[in-house]
Amino acid sequence: MEIFLGIMVFLMGLVAGSFVNMLVYRTAVKYRLKKGERKTRPYNKNRSFCDFCGRQLKWYENVPVISWLWQRGRSRCCQKPLPYSYPLIELGTALIFWINFRFFLFPSWFLLNNSQLLGFLITLFLEMVAITMLVFEADFDRRHMILPDNGIITLVVVGILMILVGRAQDSPVLSLFSALGAFGFLLLLHLITKGKGMGMGDVKYALFMGLWLGFPKIIVAFYVAFVVGALFGIGSMLRGKMSRKSVMPFGPFLILGTIVAWWWGNLVIELL
Ligand SMILES: [Zn+2]
């Protein structure tokens with residue numbers, strides 16, 4: 001049962017990762033249109049298409065990871081290289097789905113009986129939606145320095161639903177206060193740095209962090225985000241990839257902090 005479910009969850013993660021790649025592409029086109037820039041890349045509302053010429057993809061060109069490997073990382077029609085991040089995002093999403101299921105969700109439902117099954121499936125579903133949107137926001141911010149609103153709104157709704165079904169990490173009151181506190185904290189940093197260190201996307205995303213994690217896990221999340229973010233920044237400067245003035249997207253670090261605190265927050269608090 002557990003192994004079968006684990007494989008199912010992993011495969012769903014591959015599909016979710018493929019959905020993320022599509023959503024990143026499409027959202028990027030939409031943001032460019034919003035800024036009044038002409039649409040330069042192909043776009044088809046309903047079907048999957050080649051990133052370069054817009055030709056509709058056959059089903060076998062659209063299989064997560066496998067198609068990319070089979071085509072040696074190139075589009076079949078144009079022979080242009082497809083980004084490495086496509087299969088990596090698919091594998092990464094699948095791995096996060098599986099780790100969350102295998103080590104955190106499943107063990108907490110010891111002796112699953114029929115009356116608990118519905119609650120288990122609802123939790124699994126909400127967590128899979130949340131992970132998908134987290135990977136989407138992280139990848140989009142990494143590429144375009146924006147945390148899109150559509151993903152943040154979805155995350156906040158999922159966070160509220162988790163509280164309503166009683167499966168959140170913390171009590172409703174503490175979750176709400178954590179959300180407002182996290183929002184206020186990053187808003188303050190945004191205002192102090194005049195938007196250079198912290199974008200409004202980060203500020204809005206903090207609402208979800210508080211809802212999802214509660215207190216004191218939210219502190220762990222910020223701690224991880226700032227420490228890893230700083231180390232990464234220093235590392236990039238030392239390798240000469242970045243100057244003091246270049247801006248670095250902070251969203252991926254906030255998202256990393258969220259996942260670490262979600263999974264191991266209690267452990268970190270005990271160790272401190
Ligand atoms: Zn093509």
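All of the points below concern the structure found in this document. Predicted model, so just to flag it, every value in this text is computed and none were measured. (Residues numbered from 1 in each chain as written. Predicted model: local features only at pLDDT ≥ 70, side-chain atom pairs only at ≥ 80, totals over all residues.)

This paragraph deals with the overall build of the chain. In terms of helices and strands, the chain carries nine helices and zero strands. Moving toward the C terminus, one meets the helices and strands of the chain in the order α-α-α-α-α-α-α-α-α. Relative to its length of 272 residues, the chain is compact, with a C-alpha radius of gyration of 20 Å against a globular reference of 19 Å. On the principal axes, the C-alpha backbone points of the chain span a range of 55 × 50 × 35 Å. A total of 272 residues make up the chain; the buried ones form 32% of that total. Put simply, 72% of the contacts in the chain that link residues at least 6 apart link residues at least 24 apart. (Helix = DSSP H or I, 4+ residues; strand = E, 2+ residues; numbered from the N terminus. Rg over C-alpha atoms; globule rule 2.2 N^0.38 Å. Buried ≥ 20, exposed ≤ 12 C-beta atoms within 10 Å, placed from the backbone. Contact = placed C-beta atoms within 7 Å.)

To continue, consider helix α4 (residues 114–144). With 31 residues, α4 ought to run about 45 Å at 1.5 Å a step, and its terminal C-alpha atoms sit 45 Å apart, in line with that. Within two residues after α4, Met145 carries a phi angle of roughly 60°, on the positive side. (Expected span 1.5 Å × (residues − 1).)

Another point: the packing of helix α1 (residues 2–34) against α4. Put simply, α1 and α4 touch, their axes get as near as 9 Å, and they point 45° apart. The orientation of α1 relative to α4 falls into the category oblique. Where α1 crosses over α4, the handedness of that crossing is right-handed. Contact residues: α1 offers Met12, Ala16, Gly17, Phe19, Val20, Leu23, Val24, Thr27, Ala28 and Tyr31, while α4 offers Met128, Thr132, Val135, Phe136, Asp139, Phe140, Arg143 and His144. Looking at the contact of α1 with α4 residue by residue, the class counts come to twelve nonpolar, four polar and two charged. (Axes fitted to C-alpha atoms, helices over the stretch in contact; angles between N-to-C directions. Parallel < 35°, antiparallel > 145°, perpendicular 65-115°, else oblique. Left-handed = near helix turned anticlockwise from the far one by under 90°. Nonpolar A, V, L, I, M, F, W, Y, C, P; charged D, E, K, R; others polar.)

Bringing unusual backbone geometry into the picture now. Note the cis peptide between Phe215 and Pro216, where omega equals 5°. With respect to the secondary-structure elements, Pro216 resides in the loop between α7 (200–213) and α8 (217–238). In this model, Met145 sits at a positive phi of 60°, which is unusual for a non-glycine residue. Position of Met145 among the secondary structure elements: in the loop between α4 and α5 (149–164).

When you line up the elements, Asp141 lands in helix α4. In the structure, Asp141 is positioned 67 residues away from Phe208 in sequence and 16 Å away in space, judged by C-alpha atoms. Residues in contact with Asp141, not counting those within four places in the same chain, are Ile146, Leu147, Pro249, Gly251 and Pro252.

With that settled, the discussion passes to helix α6 (residues 172–192). For α6, which comprises 21 residues, the first-to-last C-alpha distance of 30 Å matches the rise-based estimate of 30 Å (1.5 Å per residue) to within 8%. Along α6, the positions that sit buried rather than exposed are Ser175, Ser178, Ala179, Ala182 and Leu186. On an axial view of α6, the arc spanned by its buried residues comes to 100°, and they lie on one face. The exposed residues of α6 that point more than 90 degrees off its buried face are Val173, Leu188, Leu191 and Ile192. The secondary structure elements touched by the buried residues of α6 are α5, α7 and α8. Backbone geometry just downstream of α6 places Lys194 in the positive-phi region, at approximately 55°. (Arc of directions from axis to C-beta.)

What follows concerns the nonpolar core. Residues Phe97, Leu134, Met209 and Ala221 are the most contacted members of the largest nonpolar core, which totals 53 residues. Elements represented by at least two residues in this core include exactly α1, α3 (85–105), α4, α5, α6, α7, α8 and α9 (251–271). A per-element tally of this core places α4 first, with ten residues. Domain assignment of the residues forming this core places at least three in each of domain 1 (1–110) and domain 2 (148–272). Sequence-distant contacts of Phe97, defined by excluding residues within four places in its chain, comprise Val9, Phe10, Met12, Gly13, Ala16, Met128 and Ile131. (Core = buried A, V, L, I, M, F, W, Y, C linked by C-beta atoms within 7 Å. Domains from an automatic or database assignment.)

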